[in-house]
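Chain by chain, the residues:
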Amino acid sequence: MTMIKVEHLKKSFGKKEVLKDISANVEKGKVISIIGPSGSGKSTFLRCLNVLETPTSGKIIFDGQDLTHISEKELDILREKMGMVFQSFNLFPNMNVVENVKLAPMKVKGVSEEEAEKQALELLDKVGLKDRAKQYPSSLSGGQQQRVAIARALAMDPEVMLFDEPTSALDPEMVGEVLKTMQDLADSGMTMVIVTHEMGFAREVSDEVWFMADGYLQEQGSPEQIFENPQTPRAKDFLSKVL
Ligand code: ADP
Ligand code: MG
């Protein structure tokens with residue numbers, strides 16, 4: 001089953017065309033890693049998927065609706081079903097960990113505080129941080145903060161999780177714990193689209209790897225296909241530098 005269908009997506013900023021006709025499908029339950037050089041449009045693509053950036057043209061079809069042609073109100077409802085995790089964790093500094101996680105379900109979904117707290121603690125347990133529930137973000141390591149950010153996104157019970165370089169801002173010794181959390185999520189059957197420079201992770205965990213360069217989705221394939229037998233000169237060149 002297709003969860004997100006991207007049709008002829010283009011995105012320009014002023015005169016600069018950043019995405020140049022991208023069509024692709026995200027199938028339910030699949031883990032997709034997007035790799036490619038800096039500036040190739042990976043973040044813009046991810047942000048177009050949940051219409052944080054408005055595409056210049058093309059369609060994003062999610063849950064049977066074209067996100068580029070619906071009202072802001074309908075869009076807000078669909079966006080709740082797409083969790084997003086960024087390089088910077090963006091936790092609310094004035095709230096403790098469990099408050100960070102339970103806020104959106106209470107505010108946006110109208111879940112009772114008691115129920116939201118219970119769910120938040122379960123999610124914190126999942127990401128290995130239940131014992132930190134009452135601590136403030138500033139007292140946590142970067143890796144722990146990112147795991148809280150993942151729990152916070154999961155609290156909205158999303159259908160798909162989008163990750164934009166979730167480990168790029170972390171000290172090397174903290175990358176593993178975040179990747180482990182993501183691996184667990186993948187194992188649980190979550191649909192995931194992950195922009196990453198962690199090639200080992202992309203290879204291990206992904207069902208599909210998409211290679212982006214110059215605003216095009218240049219290659220899509222299994223990790224074996226992309227990493228062992230890239231077809232385009234652009235992908236061959238990129239992989240020769242990063243592997
Ligand atoms: P990547 O994530 O692959 O590094 P980005 O999607 O961040 O690439 O950026 C692709 C190109 O789009 C870059 O040249 C970047 O400068 C440009 N770009 C991204 N966001 C904006 C914006 N809001 N305004 C103008 N240019 C942008
Ligand atoms: Mg980026």
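Here's what I pulled together on the structure shown here. The shown structure was predicted, so the numbers you read here are calculated from the model rather than taken from an experiment.

### So, a negative patch on the surface
1) Next: A grouping of Glu114, Glu115, Glu122 and Asp125 is seen on the molecular surface, where their side chains present a negatively charged patch.
2) Next: Overall, Glu114 belongs to the exposed group, its relative accessible area being 68%.

### A word on the site of ligand 1
1) Next: Inspection of the region around ligand 1 gives Phe13, Lys16, Val18, Pro37, Ser38, Gly39, Ser40, Gly41, Lys42, Ser43 and Thr44 as its neighbouring residues.
2) Next: Take Gly39: an N or O atom from its main chain is 2.7 Å from an oxygen atom of ligand 1.
3) Next: Take Ser43: an N or O atom from its side chain is 2.9 Å from an oxygen atom of ligand 1.
4) Next: Coverage of ligand 1 by the protein amounts to 61% of the 560 Å² it exposes when considered alone.

### Remarks on the packing of aromatic side chains
Each aromatic ring pair is specified by the distance between its two centres and by the angle formed by the two planes.
1) Next: For the structure on display, the rule yields 2 aromatic pairs.
2) Next: Each ring, one from Phe211 and one from Phe238, has its centre 5.5 Å from the other, and the planes form 45°; the classification is tilted. Here Phe238 lies in helix α9 (residues 233–242) and Phe211 lies in strand β9 (residues 208–213), a separation of 27 residues in the sequence.
3) Next: In this structure Phe211 comes out as buried when scored by relative accessible area, which is 0%.
4) Next: Here the basic side chain of Arg152 rests over the ring of Phe92, its NZ or CZ set 5.0 Å away from the ring centre.

Conventions we followed
- Residues numbered from 1 in each chain as written.
- Chains lettered and ligands numbered in written order.
- Predicted model: local features only at pLDDT ≥ 70, side-chain atom pairs only at ≥ 80, totals over all residues.
- Heavy atoms only, no water.
- Patch = residues over 30% accessible without salt bridge, like charges linked within 9 Å, V, L, I, M, F, W, Y side chains within 5 Å.
- Areas by Shrake-Rupley, 256 points an atom, 1.4 Å probe, with all protein chains shown as cover.
- Salt bridge = Lys/Arg side-chain N within 4 Å of Asp/Glu carboxyl O.
- Lys, Arg positive; Asp, Glu negative; His and termini not counted.
- Charge placed at Lys NZ, Arg CZ, Asp CG, Glu CD.
- Buried < 20%, exposed > 50% of the residue type's maximum accessible area, 1.4 Å probe, protein only.
- Near = heavy atom within 4 Å.
- Polar contact = N/O pair within 3.5 Å; in protein donor to acceptor, adjacent residues only side chain to side chain.
- Phe/Tyr/Trp six-rings, centres within 6.5 Å; stacked < 30°, edge-to-face > 60°.
- Helix = DSSP H or I, 4+ residues; strand = E, 2+ residues; numbered from the N terminus.
- Lys NZ or Arg CZ within 6 Å of the ring centre and 35° of its normal.

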